[in-house]
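# Structural description and commentary
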Amino acid sequence: MNTPIIRFDNVVKQFGEARVLNGLNLAIEAGEKVTIIGPSGSGKSTVLRILMTLEPIDSGVVYVAGQPLWHEQKAGALMPASARHLHDMRKHMGMVFQQFNLFPHMTVRRNITEAPIHVLGLSKQEANERAEHYLALVGLTDHADKFPRQLSGGQQQRVAIARALAMKPRIMLFDEPTSALDPELVGEVLQVIQRLASEDDLTLLLVTHEMQFAREISDRVVFFDKGEIVEEGDPETLFTAPREARTRAFLKLT
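Our subject in this report is the structure included herewith.

Calculation criteria
Residues numbered from 1 in each chain as written. Predicted model: local features only at pLDDT ≥ 70, side-chain atom pairs only at ≥ 80, totals over all residues. Heavy atoms only, no water. Helix = DSSP H or I, 4+ residues; strand = E, 2+ residues; numbered from the N terminus. Contact = heavy atoms within 4.5 Å. Pairing = 2+ DSSP bridges. Salt bridge = Lys/Arg side-chain N within 4 Å of Asp/Glu carboxyl O. Buried < 20%, exposed > 50% of the residue type's maximum accessible area, 1.4 Å probe, protein only.

Quick look at the side chain of T53 now. Tracing the backbone through its elements, the reader meets T53 in the loop between α1 (44-51) and β4 (59-64). Each residue touching T53, except ones within four places of it in the same chain, is listed here: L69, W70, L86 and R90.

Right, here's the structure in full:
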């Protein structure tokens, strides 16, 4: 058996008295495309924020690419991770948020090249070549020298995807990437993600309310409720014949 590229081992996360993840166990294989669905407040986005080291865990262990994420091995024991370790681990992952989070004072090109130059140490020429490659992938080659304010919401989100890909992550995380978009712009972003899903070596973890899209691109769908996995399986089975009453109620199949 290969080691999963992502593994949550009995992970607990609380915000005050509210337990958002309740002993979560979840493993994702390299190259797998997994979608997390569930009601608001069920802990879906928290999973992604923990992976991006935006939210610490309260107990348990998270592994990414075979290494503990929030811990380091020292003298045979797991100790809290240093800032350097967290920084190094983040390089495995790229994340696309609900809001586009582009730098408004930078051109599209510079939004994409900034991190490869300053974090990965690429030359300006290498970073520009990489930016051009990913702008072509998301269909925005002609917009490289525009500023975010000159783009539609869908175009901005596609730039955000190109920016994340320019770091050459092994794992792409998408947190409701279409929820801030007008309905007529959703399709262009989903089309780009669908193209990425065809890449065998890229692991995708997606949180979305777009059920039909989840059904089309996922190898596996995981239904969350109250910080726990209620049910998981291949999309066809989960969307047409779920076992659990809570899943059926959520999908309005009862």
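Another point: the pairing of strand β6 (residues 71-74). Judged from the four bridges that link them, β6 and strand β7 (residues 77-80) form a sheet pairing that is antiparallel. If you follow E72 over to β7, its bridge partner there is M79. Between β6 and β7, which pair antiparallel one after the other, the connecting turn spans two residues, and A75 there sits at a positive phi close to 55°.

The next thing to look at is the sheet that holds β4. With respect to topology, four strands assemble into an open sheet ordered β2-β1-β4-β5, the strand pairing being antiparallel. Taken across any chain shown, the strands that pair with only one partner, and hence form the sheet edges, are β2 (18-28) and β5 (67-68). When strand β1 (residues 6-15) meets β2, the two strands line up antiparallel, connected through eight bridges. Residue R7 lies in a different strand from β2, and its bridge partner there is A27.

Here we take up the pattern of salt bridges. Side chains bearing opposite charge may pair, as long as their charged atoms lie close to each other. Tallied over the full model, the rule gives 13 salt bridges. A salt bridge links E55 to K13, with the nearest nitrogen and oxygen atoms 3.7 Å apart. Placement of the pair is E55 in the loop between α1 and β4 and K13 in strand β1, with a sequence separation of 42 residues. Each of the two residues, E55 as well as K13, counts as buried. As a salt-bridge pair, R220 and E232 come within 2.5 Å of each other at their nearest N and O atoms. A residue pair is termed long-range when its members are at least 10 positions apart, and R220 in strand β11 (residues 220-225) and E232 in strand β12 (residues 228-233) qualify at twelve residues. R220 gets classed as buried once you look at its relative accessible area, which sits at 14%.

It is worth spelling out unusual backbone geometry at this point. Unusually for a residue other than glycine, T53 sits at a positive phi of about 60°. The residue A75 is not glycine, and still its phi comes out positive at about 55°. Positionally, A75 belongs in the loop between β6 and β7.

Don't take any of this as a statement about function, it's just geometry.
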